[in-house]
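# Fold and contact review
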There are 2 protein chains.
Amino acid sequence: MAPSEPSSADDLVAGLRRAGLRVTAPRRAVCAVLASAGEEHLTAADVAGRTGAAVDLSTVYRTLDALEGLGMVQHVHLGHGAGAYHVGPSEDHHHLVCEECGRTVDVALETLQRAIEGVTAPLGFVPDAAHFAIVGRCAACAGG
Amino acid sequence: MAPSEPSSADDLVAGLRRAGLRVTAPRRAVCAVLASAGEEHLTAADVAGRTGAAVDLSTVYRTLDALEGLGMVQHVHLGHGAGAYHVGPSEDHHHLVCEECGRTVDVALETLQRAIEGVTAPLGFVPDAAHFAIVGRCAACAGG
DNA sequence: CTCTCTGCAAATGCTTTGCAAACTC
DNA sequence: GAGTTTGCAAAGCATTTGCAGAGAG
């Protein structure tokens, strides 16, 4: 399946507008940064930085929060550092986070999803795929 | 299935001693709390609280860190809140953490393990089972 | 007695919040 | 013009660290 294209800046902006939220310069900037980052994981500070420091960090958090509420952005907490945000609808892809280099790889996978549900369903547990990360060591750090 | 018994307070203390670390009253207290919590996930503050506030938070962190270094305690970061610590060696069981009530259920599962490896192996990624948690909503919170 | 550990307090890093001014619709 | 947003600054958590005194071996 062709993974649905990550939302473009315009899509994000349109989403804000559709939700009745106002489209302001700072929000446009944040949307542009997110869209250009693709699937890359950015911290709030990264986003703020890429807007050319034109947007206050608190505003970035508020905007990210709004977008997340619309389901157009996801955020995860990996290890100790700051939370990571990235565009994308609630797709079925999971994050593999390297404990050593901190790099993140994501995999779109049904098998895993099905296996997880096979475990959680009997327990009545509803897994949140978006918030799901597998920690370990990536090829580079593990292999040597 | 009888999951291998979590370490007892004595085991933890013995571990410290074996590592050449000193066995002090605060450390004993932390070990006792961890042992009595079983597989429950505790934040550093929880641990401090259960010692009867007899142990300073910074000391709790230092002790937890020491025990983690010995591989007798694991810690994970779930969602936004504080990190969660719990006793236990690197077993092959995973944690289902409820975002709403914070309760944790653990499942010892091969299917899941195999599915995960099926995904990560091709990428050369080495998953760390102990650090692995599935976030979602438990039956009580999801079902209503 | 020597060296580690503890408690206190201050510092740090990430995120949130109060509020008046700026801006969107 | 009405009501949402912004930026600034300060507050709020979780966690770490410096240091002198207390305690373990």
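Starting from 1, residues in each chain are numbered consecutively following that chain's sequence as written. Labels follow written order: the first chain is A, the first ligand is 1, and so on. Local features are withheld for residues below a pLDDT of 70 in this predicted model, meaning they are given only at 70 or higher, and side-chain atom pairs are given and counted only at 80 or more; totals for whole chains, interfaces and linings count all residues. Side-chain numbers come from the whole structure's heavy atoms, not from hydrogens or water.

The environment of DNA strand D is formed by 21 residues, the closest being A:Arg22, A:Thr59, A:Arg62, B:Arg22 and B:Tyr61. One heavy atom suffices: a residue is near a molecule or strand as soon as one of its heavy atoms comes within 4 Å of it. For DNA strand D, the backbone portion of the atoms within 4 Å of the protein, that is sugar and phosphate, comes to 66%. Within the contact set of DNA strand D, a phosphate oxygen lies 3.3 Å away from a backbone nitrogen or oxygen of A:Ala54. We define a polar contact as two N or O atoms separated by no more than 3.5 Å, with the added condition that, inside protein, one atom must be a possible hydrogen donor and the other a possible acceptor, whereas residues neighbouring each other in sequence contribute only through side-chain atom pairs. Here B:Arg22 contributes a side-chain N or O atom positioned 2.9 Å from a base nitrogen of DNA strand D.

Turning next to the protein's contact with DNA strand C. What surrounds DNA strand C is a group of 22 residues, the closest being A:Arg22, A:Tyr61, B:Arg22, B:Arg27 and B:Thr59. Considering the 4 Å shell around the protein, atoms of DNA strand C inside it are sugar or phosphate in 68% of instances. The side chain of A:Arg62 places a nitrogen or oxygen atom 3.4 Å from a base oxygen of DNA strand C. Here B:Arg22 contributes a side-chain N or O atom positioned 2.8 Å from a base oxygen of DNA strand C. By definition, any uninterrupted DSSP run of H or I lasting at least four residues is a helix, any uninterrupted run of E lasting at least two residues is a strand, and each is numbered from the N terminus. Elements supplying a minimum of two residues to the surface near DNA strand C: helix 4 (57–69) of chain A together with helix 2 (25–37) and helix 4 (57–69) of chain B. With 4 residues, the top contributor of residues to the surface near DNA strand C is helix 4 of chain A. Classification used: nonpolar for Ala, Val, Leu, Ile, Met, Phe, Trp, Tyr, Cys and Pro, charged for Asp, Glu, Lys and Arg, polar for all others including Gly. Here the residues of the surface near DNA strand C sort into 8 nonpolar, 7 polar and 7 charged.

Before going further, it helps to spend a moment on the packing of helix 2 (residues 25–37) of chain A against helix 4 of chain A. Residues and elements named next belong to chain A. Relative to each other, helix 2 and helix 4 sit at 70°, their axes nearing to 10 Å. Our classification of the angle between helix 2 and helix 4 gives roughly perpendicular. Here the hand of the crossing between helix 2 and helix 4 comes out right-handed. Contacts from Pro26, Arg27, Val30, Cys31 and Leu34 of helix 2 reach helix 4 at Thr59, Val60, Thr63, Leu64 and Leu67. Considered class by class, the residues forming the contact of helix 2 with helix 4 number 7 nonpolar, 2 polar and 1 charged. Fitted lines through C-alpha atoms give the axes, limited to the stretch in contact for helices. The angle between two N-to-C directions lies from 0 to 180 degrees. Any angle between 65 and 115 degrees counts as roughly perpendicular, while under 35 counts as roughly parallel, over 145 as roughly antiparallel, and the rest as oblique. When the near helix sits turned anticlockwise from the far one by under a right angle, the crossing is termed left-handed; a clockwise turn instead gives a right-handed crossing. Whether two residues are in contact is decided by their heavy atoms: any pair within 4.5 Å suffices.

With that settled, consider the pairing of strand 1 (residues 73–77) of chain B. Residue and element names in this part refer to chain B. Among the 5 residues of strand 1, 4 are classified as buried, and the element is accordingly described as predominantly covered. Any two strands with at least two DSSP bridges between them are considered paired. Alignment of strand 1 against strand 2 (residues 83–87), held across 5 bridges, turns out to be antiparallel. Bridge pairing links His75 to Tyr85 in strand 2. In this scheme, a residue with accessible area under 20% of its type's maximum is buried, one over 50% is exposed, and one in between is partly exposed, where area comes from a 1.4 Å probe on protein chains only.

We now examine the packing of helix 1 (residues 9–18) of chain A against helix 2 of chain A. Residue and element names in this part refer to chain A. Their axes nearest at 8 Å, the elements helix 1 and helix 2 cross at an angle of 140°. Classed by the angle they form, the pair helix 1 and helix 2 counts as oblique. The handedness of the crossing between helix 1 and helix 2 is right-handed. Of the residues in helix 2, those in contact with Ala9, Leu12, Val13, Leu16 and Arg17 of helix 1 are Arg27, Arg28, Cys31, Ala32, Leu34 and Ala35. In terms of residue class, the contact of helix 1 with helix 2 is made up of 8 nonpolar, no polar and 3 charged.

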